[in-house]
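# Close look at the chain arrangement
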Amino acid sequence: MKILSIETSADETAVSIIEADGDFPNATYTLLGNSLRSQIEMHREYGGIFPSMAKREHAKALTPLLKLALEESGLLTKGENKMTPEMTAKLESLLEREPELFDTLANFLRTHDKPEVDRIAVTSGPGLEPALWVGVNFAKALALAWNLQVIPVNHMEGHVLASIFDADRDNQLSDLQFPAIALLISGGHTELIKMEAWAKYEKIGSTRDDAVGEAFDKVARLLGMPYPGGPEIGKAANEARKKKLPEYHPLPKPMLNSGDLDFSFSGLKTAVRYAVADKKLSEEEKQAVSRDFEDSVTEVLIKKAEKAIEQTGAKTLIVGGGVSASGHLRQSFNSHFLNYDANLAVYFPMPGLSTDNSIMIALAGHAKMAASLSPEGALNSIRADGNKKLA
Ligand code: KG4
Ligand code: ZN
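Residues numbered from 1 in each chain as written. Chains lettered and ligands numbered in written order. Predicted model: local features only at pLDDT ≥ 70, side-chain atom pairs only at ≥ 80, totals over all residues. Heavy atoms only, no water.

A few words now on the sheet that holds strand S8 (residues 200-206). Reading across from one edge, S8-S7-S6-S9-S10 is the order of the 5 strands in this open sheet, with mixed pairing throughout. With one partner strand each, in any of the chains shown, S8 and strand S10 (345-347) form the two edges of the open sheet. Recorded for the sheet is a direction-independent mean angle of 20° between the axes of neighbouring strands. Strand direction decides the pairing type here: strand S6 (residues 180-185) and strand S9 (residues 316-320), joined by 5 bridges, are parallel. Looking at the pairing, Leu183 lines up with Val319 of S9. (Pairing = 2+ DSSP bridges. Helix = DSSP H or I, 4+ residues; strand = E, 2+ residues; numbered from the N terminus. Axes fitted to C-alpha atoms, helices over the stretch in contact; angles between N-to-C directions.)

Following this line, the structure appears as structure tokens:
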């Protein structure tokens with residue numbers, strides 16, 4: 001089965017085609033085509049995602065990315081295909097808010113044959129709702145034109161599956177031991193999820209204010225570093241470790257001993273703000289602050305994950321979302337949990353799958369088809385939901 005997947009929940013537009021050979025969760029996945037366009041450069045001057053620009057850029061990028069992904073898959077064939085006036089009118093009304101997307105897509109559909117794909121998976125939430133709608137409507141338009149079904153998927157389930165994909169280098173999902181804990185840390189979310197079985201999610205902790213990635217981005221901004229802040233802070237922090245720079249200022253480890261599984265990062269960000277206020281920091285001082293901040297965050301995340309494991313008797317820890325790209329975080333988790341319990345399986349995404357992508361959306365689409373928790377419904381019942389819940 002070939003799954004065409006689409007991701008537009010934040011500032012990456014991505015389209016991929018994945019072949020799933022076998023049934024979830026034992027399938028072997030072959031990546032046939034993958035195209036991704038990041039809008040990071042464009043949002044940089046705003047220090048974060050600028051929603052109306054994100055939406056516009058998704059609309060611009062989707063048809064070219066679809067074409068690239070199909071081409072890479074060897075599934076792109078040119079052909080003259082007349083669209084009936086009824087079909088043209090349907091697509092035009094579906095994409096009425098994205099006239100440019102309608103034009104490029106209609107042109108594409110008229111000049112190319114229906115590719116050999118079986119399903120379309122699209123992120124329907126959570127994320128920036130206007131951005132999500134662009135992807136959802138694009139998926140619906142393709143589904144209408146090619147008579148295919150759309151599987152709406154949860155972006156966070158995508159992050160979970162991305163972390164366990166190909167960990168054993170066999171193009172499969174890892175054979176999970178349940179219960180498992182997923183620590184999802186991204187620009188918009190910080191959550192602890194308990195998984196009793198495949199596709200059974202229960203939220204057991206979350207942030208009360210800022211998400212971890214958001215805190216990285218805000219602290220980077222305070223230090224005059226560009227968006228997104230995570231990789232910048234990470235690089236600077238590593239310099240500080242290499243040079244063994246002294247602590248710049250003691251920072252709090254928020255909620256470390258709160259007794260529950262919740263997080264709070266806005267106080268930590270504020271503590272950094274006070275520590276650097278009205279000062280002209282040297283490069284080394286910025287590196288030290290970055291390290292102090294990254295260390296605080298890492299300690300809190302480890303402690304909470306450990307607590308979640310204790311409370312649930314979890315045999316597996318899955319760390320996913322953009323912040324899981326941090327090399328320091330990965331090393332710290334691996335060494336801590338190896339000491340804690342050498343039998344605990346700890347998963348981080350392979351390179352490129354921490355931050356947003358559409359490969360994870362194809363995986364989540366495949367999972368959802370298997371779970372048939374929500375039977376694939378009529379196209380008009382599929383909606384973008386910025387606050388879509390995993391559990
Ligand atoms: O999952 P993601 O790509 O998008 C959302 O769904 O939000 O996560 C983006 C977040 C940003 O806040 C970014 O600063 C953070 O992930 N991030 C990192 C690193 N790479 C990206 N944070 C820490 N260290 C990194 N290496
Ligand atoms: Zn994400």
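Next comes the rest of the description.
Moving on, we get to the coordination of the zinc ion (ligand 2). Each protein donor to the zinc ion (ligand 2) is listed here as His155 (NE2), His159 (NE2) and Asp356 (OD); together their distances run 2.0 to 2.1 Å. Considered as a linear motif, the donors of the zinc ion (ligand 2) on their single chain read H-x3-H-x196-D. With His155 in helix H6 (residues 155-164) and Asp356 in the loop between S10 and helix H12 (359-371), this residue pair connects regions lying 201 residues apart in the sequence. Per residue, the accessibility class of His155 equals that of Asp356, and both read buried. (Donors = N, O, S within 2.8 Å, 3.2 Å for Na, K, Ca; no water. Buried < 20%, exposed > 50% of the residue type's maximum accessible area, 1.4 Å probe, protein only.)

So, on to the domain arrangement of the protein. Domains assigned within the protein are domain 1 (2-159 + 354-381) and domain 2 (176-347). Computed over C-alpha atoms only, the centres of domain 1 and domain 2 are separated by 31 Å. At the boundary of domain 1 with domain 2, total buried surface from both sides reaches about 1,400 Å², with 66% on carbon and sulfur atoms. Linking domain 1 with domain 2 are 0 salt bridges, by the criterion used here. Viewed at the interface, domain 2 and domain 1 are joined by 6 residue pairs in polar contact (both at pLDDT 80 or more). Among the secondary structure elements, those contributing two or more residues to the side of domain 1 that touches domain 2 are helix H1 (40-43) and H6. Take the side of domain 1 that touches domain 2: its biggest share by element is 3 residues, from H6. Classifying every residue of the side of domain 1 that touches domain 2 by side-chain character gives 9 nonpolar, 6 polar and 3 charged. (Domains from an automatic or database assignment. Buried area = accessible area lost by both parts, 1.4 Å probe. Salt bridge = Lys/Arg side-chain N within 4 Å of Asp/Glu carboxyl O. Polar contact = N/O pair within 3.5 Å; in protein donor to acceptor, adjacent residues only side chain to side chain. Nonpolar A, V, L, I, M, F, W, Y, C, P; charged D, E, K, R; others polar.)

Another point: the sheet that holds strand S2 (residues 12-21). One key point about sheets: their strands pair by backbone hydrogen bonds, in either a parallel or an antiparallel sense. Sheet architecture is open: 5 strands sit in the order S3-S2-S1-S4-S5, paired in mixed fashion. Among the strands making up the open sheet, the edge pair consists of strand S3 (28-38) and strand S5 (149-154). Taking each pair of neighbouring strands and ignoring which way they run, the sheet shows an average axis angle of 20°. Sitting on the sheet, helix H2 (residues 51-73) is in contact with strand S1 (2-7), S2 and S3, with an inclination near 30° to S2. (Contact = heavy atoms within 4.5 Å.)

A separate point is helix H4 (residues 99-111). The end-to-end C-alpha distance of H4 is 18 Å, a good match for the 18 Å that 13 residues give at a rise of 1.5 Å each. By the burial criterion, the buried members of H4 are Leu101, Phe102, Leu105, Ala106, Phe108 and Leu109. Mapping the buried residues of H4 onto a view down its axis gives an arc of 160°, with all of them on the same face. Contacts from the buried residues of H4 go to H2, helix H3 (85-94) and helix H5 (129-146). (Expected span 1.5 Å × (residues − 1). Arc of directions from axis to C-beta.)

Moving on: the environment of Arg110. Note that Arg110 resides in helix H4. Its relative accessible area of 35% is what places Arg110 among the partly exposed residues. Dropping the residues within four chain positions of it, Arg110 is found in contact with Gly79, Glu80, Asn81, Met83 and Thr88.

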